[in-house]
Amino acid sequence: MAAAGRQVSAGESSSGCRAVRTDDNHEAFVRLEREIALLLRRARAISTRLAGELHPELDGAAYGLLALLQDTGPLRASDLVTRLGLDKSTVSRQVAKLVDLGLVDRAADPVDGRAQVLTPSTEGKARLARVRDTRRARWEADLSDWPAHDVAQLADLLGRLNRLGEAREAQLGGDAPG
């Protein structure tokens, strides 16, 4: 039993070290879950708004799809399904809309000519850059009183969390809940 009776249970961590669960540790994870849930709700609302800024006929999923294409380069629709964790019909609808609006181009896959790869069009890149510039300026204004070290640390921690989620999705075949 830990000091002040705070120890709840002990177990083995993936690194082989003993991990002790305390009430404080448990409460930290309860708080983390709440904050991430709030962040995700806000992110969905923001994605919807950002998609509308790209084009008024787009919904929230389109922004993430176009951003991923810009960040990773040409992808097949099946790669988008896997990376975004969306169902095929959603991706298919979003891709068709983005292509119809001239924001995404389709081309034959250089590796397999039967398949198609998707890339942002020149117009899609320009619109996405404008939205991202505006969003970055907003973050800079909102966090202007934060030390640069804190902003960098937040980015590092979010990056670690995203890599953990990507690894879990890959391990479980993309069917795991967030």
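The next point concerns the nonpolar core. Counting residues in hydrophobic clusters, the biggest one holds 22 residues, and the most contacted among them are L54, L58, Y63, L65, L69, L80 and L98. Among the elements of the structure, α1 (23–54), α2 (60–72), α3 (77–84), α4 (88–100) and α5 (122–142) are those that each provide at least two residues to this core.

For the rest of this paragraph, the subject is the pattern of salt bridges. Inspection of the entire model under this criterion finds 9 salt bridges. Between E53 and R49 there is a salt bridge; the shortest N-O distance is 2.7 Å. Separated by 4 residues within a single helix, E53 and R49 lie in helix α1, roughly one turn from each other. By relative accessible area, E53 is classed as partly exposed at 41%. A single network of salt bridges, built from pairs that share partners, joins R76, D109, D112 and R114.

In this section: the environment of L58. The topology assignment puts L58 in the loop between α1 and α2. Residue classification places L58 among the buried positions, given a relative accessible area of 7%. In this view, L58 contacts A51, G52, K97, L98, L101 and L103; residues no more than four positions away in its chain are not counted.

The next thing to look at is a nonpolar patch on the surface. A grouping of L39, W146, V151, L154, L158, L161 and L164 is seen on the molecular surface, where their side chains present a nonpolar patch of about 590 Å² in accessible area. Of the residues forming the nonpolar patch, the biggest block, 5 residues, is contributed by helix α6 (residues 148–172). Turning to its location among the elements, L164 is positioned in helix α6. With relative accessibility at 54%, the residue L164 sits in the exposed group.

With that settled, consider α4. Relative to the 18 Å expected for 13 residues at 1.5 Å per residue, α4 spans 18 Å between its end C-alpha atoms, a close match to the ideal helical length. Buried within α4 are the following residues: T90, V91, Q94, V95 and L98. The buried residues of α4 all sit within an arc of 125° when viewed along its axis, so they share a single face. Set apart from the buried face of α4 by more than 90 degrees, the exposed residues are K88, R93 and D100. Of the surrounding secondary structure, the elements contacted by the buried residues of α4 are α2, α3, β3 (104–108) and β4 (116–120). Backbone geometry just after α4 places G102 at a positive phi near 80°.

Calculation rules
- Residues numbered from 1 in each chain as written.
- Predicted model: local features only at pLDDT ≥ 70, side-chain atom pairs only at ≥ 80, totals over all residues.
- Heavy atoms only, no water.
- Core = buried A, V, L, I, M, F, W, Y, C linked by side-chain atoms within 4.5 Å.
- Buried < 20%, exposed > 50% of the residue type's maximum accessible area, 1.4 Å probe, protein only.
- Helix = DSSP H or I, 4+ residues; strand = E, 2+ residues; numbered from the N terminus.
- Salt bridge = Lys/Arg side-chain N within 4 Å of Asp/Glu carboxyl O.
- Contact = heavy atoms within 4.5 Å.
- Patch = residues over 30% accessible without salt bridge, like charges linked within 9 Å, V, L, I, M, F, W, Y side chains within 5 Å.
- Areas by Shrake-Rupley, 256 points an atom, 1.4 Å probe, with all protein chains shown as cover.
- Expected span 1.5 Å × (residues − 1).
- Arc of directions from axis to C-beta.

Function-wise, these values are silent; they only describe arrangement.
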